[in-house]
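Notes for the structure review
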Amino acid sequence: MSTFKELGLKEPIIKALTDLGYESPTVIQEKAIPQIISSTTDLKAFAQTGTGKTAAFSLPILELIDTSSSNVQAIILSPTRELAVQIGNNIKDFSKYLKDVNVTTVYGGSSMEEQIRSLKRGSQIVVGTPGRTVDLINRRALKLENVKWLVLDEADEMLNMGFKDELDAVLEATPDTKQTLLFSATFPNEVESIARNYMKKPVEITSGQKNQGADSVSHEYYSVTERTRYPALKRIADLNPDIYAIIFCRTRRETQEVADNLIKDGYSADALHGDLSQGQRDSVMGKFRSKTIQILVATDVAARGLDVNELTHVLNHKLPDQIENYTHRSGRTGRAGNIGISIVLVNGKEKGKLRAIEKIIQKKFVETKVPTGKEIVQNQLMNLIDKVQATEVNESEIKEFLPSIYDKLKDLDREELIQKFVSLEFNTMLAYYENAKDLNDLSKDNSRSRDTADNMTRFFINIGRKDNLNPGKLIGLINDQNIGDKIEIGAIDILDTFSFFEIDKNYEDKTLEAFAANQPDFDGRSVNIEITKKDRSGGGGRRGGKKPFAKKDGGFGRRKSAEGSSSSDGGRKRSARPADRPDRGSADRKTGGFGRRRRER
Ligand code: AMP
């Protein structure tokens, strides 16, 4: 393995890399840096996210840049504003000990005037999203006639997003003498045709192992039905208490719903998709980076600019439409020397796609069973014990409380004490997963849900989301009425101002009587219920099977509601814009037409 010095980089750059903790070059850097420094031949590089590609193209440019001129010498195009900002910041970090190097990042959703002012001051390197770059070229604020390097980063993604016209326009605006550096994770026809039409006999770099991270990622799939998809997701999260993951969804609606459900169920999660404003997206990404939230539910496009190295898992709630994008997703974990797991939830129909993905990743998916309640409880228990073992005791602070605590516990022996402390944490969880069914038995799952449907009565209740009701609170309210021990609760549909729930038919009368006698109120609103028809058109799927959570707090630890009871929310108002199409980025919002190409301005 070479050093950065051996690759031909000068001291100030190496110093900056040392500050960043880059000790040795990655495979793509080892191949690209000397190639670009020593030759003006175009370059086609197979590089996935996480391989260190940003430094691979930025460092040789910084090595060669002419700081005596303030003309634009390098233009770097990237598909999203987040990625553009990240590249711009990386270049600033790499060049902090170089004198007179200026970088401007241009992208939509931010003041054009400020970007024009920055360009006027003179920048040798410009990083931009295609739409804004073309805008600035057309306004003659960005002049590319002296460009020596054109970098197309994530070329496949730019073309996926419909930026072909913009790429053509930028390619046309740059001189023939430039060196084009094309980085892409996949090479579908559209990318090959850009390479054919605009590049001259490019040198190809494909690091043998494809990706630094690829070998450290294992790929697993879980078989689910539409009914078990979400509970399976929760069980995977529950099995891994220290999970730090991105859950990928295909559409904005799917993303928002999964995130809403996870949040309602008490998980540390949030959503990231193109319907959010730039400010909201920055805030969510910031929370995720700082690990204030553990689970980010995101569309492919929105997650692009997010640079985190420590993801434990990538979860594919649904597979991407274009299977090539799977590698972008899975490449987010197993980075920077860490080990990662990429998980796919597939129903019978989707399973076929796995074979095609295996061909691309050149690895086999391992079939994995959805964890049982017992496995989860066991894992959480061991995790707790590990934490107890690792806990440091702050003796000076607790000293004054200890004598009275010792006194209170003096009659308990060691075993009893351990049992009590463990039970304190675990009784609720044990109750939650008690009787939890095996989600792997899909045929049984389906038939049982049909059986149970006939045994349930559906009730209307006059409170809803606007009253701060959620499934957990509704279960708590029902339990508070003392209708019966371990009463079985079925589907719950929380709507804005009212809701529905199902109760074991045998408890139909008792439920009516209990609510009438107790006349409960909820957040100051008096509550009443009525039996309603068994029409589930306004609600989500069946939630059959005994609920393992006849407890008022509805769950253990941070989970607020019970498994399977998450608000399916089928009655939610549908937005006028078809958010259930694949997320093509936030710019759709501005053009108003969904089917139209993304325009990032
Ligand atoms: P990229 O593929 O450019 O998005 O880089 C992925 C991550 O790897 C980023 O967080 C970089 O800061 C980091 N990185 C890139 N090159 C190196 C290196 N040679 N040593 C350590 N970390 C690196």
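Before any of the text, the structure's been laid out above.
All of these numbers come straight from a predicted model, not from anything done at the bench.

Overview of the overall build of the chain
Helix and strand counts for the chain come out as 22 helices and 20 strands. The proportion of buried residues among the 601 residues of the chain is 55%. Taking all contacts inside the chain whose residues are at least 6 apart in sequence as the whole, residues at least 24 apart take part in 78%.

Observations regarding helix H9 (residues 189-198)
Among all positions of H9, only Val 191, Ser 193, Ile 194 and Ala 195 are buried. The inward-facing, buried residues of H9 abut strand E1 (43-46), strand E5 (149-152), helix H7 (155-160), helix H8 (164-173) and strand E6 (179-184).

So, the sheet that holds strand E20 (residues 529-532)
Pairing is antiparallel across the open sheet formed by four strands, whose spatial order is E16-E17-E15-E20. Edge positions in the sheet fall to strand E16 (489-494) and E20, since each of these pairs with one other strand and no more. Ignoring strand direction, the axes of neighbouring strands in this sheet form an average angle of 25°. As paired elements, E16 and strand E17 (residues 499-504) share four bridges and run antiparallel to each other. Bridged to Ile 494 within E17 is Ser 499. Where helix H20 (residues 471-480) meets the sheet, its contacts fall on strand E15 (456-461), E16 and E17, and the angle it forms with E16 comes to roughly 130°.

Focus on the site of the ligand
Near the ligand, the surroundings consist of 14 residues, among which Tyr 22, Ser 24, Gln 29, Gly 52 and Thr 54 are the closest. Gly 52 is positioned such that a nitrogen or oxygen atom in its backbone is 2.8 Å from an oxygen atom of the ligand. At a separation of 3.3 Å, an oxygen atom of the ligand approaches a polar backbone atom of Lys 53. Protein chains shield 83% of the accessible area of the ligand, which is 490 Å² for the free molecule. For the ligand, the cavity whose grid points lie within 2 Å of the majority of its atoms is the second largest pocket. Tallied by class, residues from the shell around the ligand come to three nonpolar, eight polar and three charged.

Here's the deal with unusual backbone geometry
The general pattern is negative phi for most residues beyond glycine and trans for most peptide bonds. Unlike most non-glycine residues, Arg 140 shows phi in positive territory, near 60°. Assignment of secondary structure puts Arg 140 in the loop between helix H6 (130-138) and E5. Classification of Arg 140 by relative accessible area gives exposed; the value is 55%. Even without glycine at this site, Lys 201 takes up a positive phi of about 35°. Checked against the element boundaries, Lys 201 lands in the loop between H9 and strand E7 (203-206). A relative accessible area of 77% means that Lys 201 is categorised as exposed.

Digging into a nonpolar patch on the surface
The grouping of Val 393, Ile 398, Phe 401 and Ile 405 at the surface amounts to a nonpolar patch, some 360 Å² of accessible area in total. With respect to the helices and strands, the residue Ile 398 is situated in helix H16 (residues 395-398). On the accessibility criterion, Ile 398 (34% relative accessible area) is partly exposed.

Quick look at the pattern of salt bridges
Overall, the coordinates contain 25 salt bridges when judged by the stated rule. Measuring nitrogen to oxygen at the nearest pair gives 3.0 Å for the salt bridge that ties Arg 229 to Glu 350. Highlighted residues: Arg 229 in helix H10 (residues 229-239) and Glu 350 in the loop between strand E13 (340-346) and helix H14 (351-361), separated in sequence by 121 residues. Among the ionic pairs, Asp 407 bridges to Lys 410, the shortest N-O distance being 3.8 Å. For Asp 407, a relative accessible area of 46% gives the class partly exposed. Residue classification places Lys 410 among the exposed residues on the basis of a relative accessible area of 56%. Counted as one network, the salt bridges with shared partners bring together Lys 44, Glu 192 and Glu 204.

Details of the packing of helix H2 (residues 27-38) against helix H3 (residues 53-64)
For the pair H2 and H3, interaxial distance at closest approach is 8 Å and the crossing angle is 25°. Taken together, H2 and H3 sit at an angle that is classed as roughly parallel. The way H2 lies across H3 gives a crossing that is right-handed. Across from Ile 28, Gln 29, Ala 32, Ile 33, Ile 36 and Ile 37 in H2, the residues of H3 making contact are Lys 53, Ala 55, Ala 56, Phe 57, Leu 59, Pro 60, Glu 63 and Leu 64. Across the contact of H2 with H3, the residue classes break down as 11 nonpolar, one polar and two charged.

Thoughts on the packing of H3 against helix H4 (residues 81-94)
For the pair H3 and H4, the least separation of the axes is 10 Å and the interaxial angle reads 50°. With respect to H4, the axis of H3 lies oblique. Crossing of H3 against H4: the hand is right-handed. Contacts from Thr 54, Ala 55, Phe 57, Ser 58, Leu 59 and Leu 62 of H3 reach H4 at Ile 87, Asn 90, Ile 91 and Phe 94. Split by residue class, the contact of H3 with H4 holds seven nonpolar, three polar and no charged.

A few points about the layout of surface pockets
Here the second largest pocket defines a volume of roughly 710 Å³. Forming the walls of the second largest pocket are 31 residues, and the residues nearest its centre are Tyr 22, Gly 52, Asp 307, Asn 309 and Arg 335. For the lining of the second largest pocket, the secondary structure elements donating two or more residues are H3 and H4. Class assignment for the residues of the lining of the second largest pocket results in eight nonpolar, 15 polar and eight charged.

Points about the packing of aromatic side chains
Under the defined criterion, the tally for this structure stands at nine aromatic pairs. Considering the side-chain rings of Phe 460 and Phe 498, the 5.5 Å spacing of their centres and the 35° angle between planes classify their relative orientation as tilted. One end of the pair, Phe 460, is in strand E15; the other, Phe 498, is in the loop between E16 and E17, and 38 residues separate them in sequence. When the centroid spacing of 5.8 Å and the interplanar angle of 85° are considered together, the rings of Phe 498 and Phe 500 count as edge-to-face. In textbook terms, an aromatic cluster arises when at least three aromatic residues are bridged by ring pairs, as seen for Phe 459, Phe 501 and Phe 515. Taking the ring centre of Tyr 97 as reference, the NZ or CZ of Lys 15 above it sits at 4.1 Å. The ring of Phe 500 has Arg 458 lying over it, and the distance from NZ or CZ to the ring centre is 4.4 Å.

As for the nonpolar core
Of all hydrophobic cores here, the largest spans 37 residues; its most connected members are Leu 59, Ile 125, Leu 181 and Phe 183. Ranked by the residues each element gives to this core, the list is headed by H3, at six residues. Here Phe 183 is in contact with Ile 28, Leu 43, Ala 45, Ala 47, Lys 53, Ala 56, Phe 57, Val 151, Leu 152, Asp 153, Glu 154 and Ala 155, once residues within four sequence places are set aside. By size, the runner-up hydrophobic cluster in this structure holds 30 residues, among which are Val 106, Met 112, Leu 152 and Val 191.

What counts and how
- Residues numbered from 1 in each chain as written.
- Predicted model: local features only at pLDDT ≥ 70, side-chain atom pairs only at ≥ 80, totals over all residues.
- Heavy atoms only, no water.
- Helix = DSSP H or I, 4+ residues; strand = E, 2+ residues; numbered from the N terminus.
- Buried < 20%, exposed > 50% of the residue type's maximum accessible area, 1.4 Å probe, protein only.
- Contact = heavy atoms within 4.5 Å.
- Pairing = 2+ DSSP bridges.
- Axes fitted to C-alpha atoms, helices over the stretch in contact; angles between N-to-C directions.
- Near = heavy atom within 4 Å.
- Polar contact = N/O pair within 3.5 Å; in protein donor to acceptor, adjacent residues only side chain to side chain.
- Areas by Shrake-Rupley, 256 points an atom, 1.4 Å probe, with all protein chains shown as cover.
- 1 Å grid on protein atoms, 1.4 Å probe; cavity = no way out; pocket = protein on both sides within 12 Å on 5 of 7 lines; lining within 4 Å.
- Sits in = over half its atoms within 2 Å of the grid points.
- Nonpolar A, V, L, I, M, F, W, Y, C, P; charged D, E, K, R; others polar.
- Patch = residues over 30% accessible without salt bridge, like charges linked within 9 Å, V, L, I, M, F, W, Y side chains within 5 Å.
- Salt bridge = Lys/Arg side-chain N within 4 Å of Asp/Glu carboxyl O.
- Parallel < 35°, antiparallel > 145°, perpendicular 65-115°, else oblique.
- Left-handed = near helix turned anticlockwise from the far one by under 90°.
- Points joined across faces, edges and corners; volume = space filled by probe spheres on them.
- Phe/Tyr/Trp six-rings, centres within 6.5 Å; stacked < 30°, edge-to-face > 60°.
- Lys NZ or Arg CZ within 6 Å of the ring centre and 35° of its normal.
- Core = buried A, V, L, I, M, F, W, Y, C linked by side-chain atoms within 4.5 Å.

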